[in-house]
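Geometric and topological summary
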Amino acid sequence: MKITVYEKRPYEEKIIQQFKDKYNIQIVSTDEILNEETLSLCKGSDGVTTLGYSKLDKNLLDKIKANGVKFLSTRTIGYNHYDLDYAKKIGFKVSNISYSPYGVADFTVMLMLISIRKYKPAMWRQNVNDYTLNGLMGKEMRNLTVGILGTGRIGAAVIKNLYGFGCNIIAYDKFQNEEIKKYAKYVDFEKLLELSDIISVHVPLNDENREIINKNSIAKMKNGVILINTARSELANISDLIEGIESEKIGALALDVFENEDEIYHHFFSLDIIKNRDMAYLRQFPNVVLTQHMAFFTDSAADEMITNGLKSLIDFYNTGTCQNEL
């Protein structure tokens, strides 16, 4: 069996070598994305795995298939960078991966704490030896109502993390989780918007949820609401978020994902001009925290991503199916 790994990260090399030795397979790897310029690397491969920056549209999928590839895996949970319907139509077996939700859940709670304790302006002040407290009064989590949009694996883990703080936890999901009812009260979407001091978004990206955070939903929130997004940037309308910050309707905003981040996040631009005006504009607010799509980035999750991505292709090859088949 032969596999081509695109978008290889340095920390994945160890696992790739282990798979070569354990399964006696050939693995070709590159740190480049999969596109027409790098397409030749997968010629003759049975399976291909990528991260989220490779955009597999109809045209590219046809050319990948012409190279003899039968199986595809994305080493991400999200898969909207693949034209999944067309891939399956022309005969590809496709999988995504799953990994422990705790890294993202822990990071989400960290962003909540950074926001309610105003750590960003406090950190700025320390850098210029300003140790005053004026304007830095925070809030205690136990006195707040936290609304969780989406109670899948990550949303559920966030709720369990929050339970120990003693805050009032409410949740919305079309499909309620009986276990989560021990820790949170399910309410409808409108009620969650109305009651929450903090709202954290953990719903999947689909047509129904795209821009679920928008001008209309923000208007129904409390004045000074704190918004957290460690899921997908497309779940919120960036222009409406900016308007909410400018009007002070939104009291604080913490985003680990950002619209049109692909050519910026995970790259080095210390000496360059960042060509994303919304990102540059939002970053300067003292009550806005932007992190570089790193909520997932723990040692455990990194190992699981490459392991599950490769294992899915091997299972496809050996059995015709895999645990994370889409």
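Okay, so let's go over this structure. These numbers were taken from a predicted model, which means no experiment stands behind them. (Residues numbered from 1 in each chain as written. Predicted model: local features only at pLDDT ≥ 70, side-chain atom pairs only at ≥ 80, totals over all residues. Heavy atoms only, no water.)

Things to note about the pattern of salt bridges
Definition in use: What counts as a salt bridge is simple: a side-chain nitrogen of Lys or Arg found within 4 Å of a carboxyl oxygen of Asp or Glu. Helix and strand assignments follow DSSP, with helices taken as H or I runs no shorter than four residues and strands as E runs no shorter than two, numbered in order from the N terminus. A 1.4 Å probe rolled over the protein chains alone gives each residue an accessible area, and that area as a share of the maximum for its type sets the label: buried under 20%, exposed over 50%, partly exposed in between.
Applying the stated rule across the entire model yields 14 salt bridges. A salt bridge links Lys63 to Glu36; the nearest nitrogen and oxygen atoms lie 2.9 Å apart. Placement of the pair is Lys63 in helix 2 (residues 58-66) and Glu36 in the loop between strand 2 (26-29) and strand 3 (47-50), with a sequence separation of 27 residues. By relative accessible area, Glu36 is classed as partly exposed at 44%. Of the charged contacts in the structure, one is a salt bridge between Lys215 and Glu243, with a shortest N-O distance of 3.8 Å. Of this pair, Lys215 sits in helix 8 (residues 215-219) while Glu243 sits in helix 9 (residues 238-246), and the two are 28 residues apart along the sequence. The exposure class assigned to Lys215 is partly exposed, which follows from its relative accessible area of 45%.

Re the packing of aromatic side chains
A ring pair, where both rings are aromatic, is described by two values, the distance of the centres and the angle of the planes. Quick note on the threshold: The rule is short: rings of Phe, Tyr and Trp, with Trp giving its six-membered ring, pair when the centres are within 6.5 Å, and they are stacked under 30 degrees, edge-to-face over 60, tilted in between. By definition here, charges over rings are those cases where NZ of Lys or CZ of Arg is within 6 Å of the ring centre and within 35 degrees of the ring normal.
Counted according to the given criterion, the structure contains seven aromatic pairs. Between Tyr172 and Phe189, the aromatic rings sit 5.7 Å apart at their centres with planes inclined by 50 degrees, giving tilted as the arrangement. With Tyr172 in strand 7 (residues 168-172) and Phe189 in helix 7 (residues 189-195), this pair connects stretches of sequence that are 17 residues apart. Here Lys65 stacks its cationic end above the ring of Phe92, 5.7 Å away from the centre of that ring.

A closer look at the environment of Met305
As a reminder of what qualifies: Two residues qualify as a contact provided that any one of their heavy atoms is within 4.5 Å of a heavy atom in the partner residue.
Within the secondary structure layout, Met305 lies in helix 11 (residues 299-319). C-alpha of Met305 to C-alpha of Glu12: the two residues are 293 residues apart in sequence and 8.9 Å apart in space. The residues touching Met305, leaving out its near neighbours within four places in the chain, are Leu51, Arg75, Ile97, Tyr99 and Phe296.

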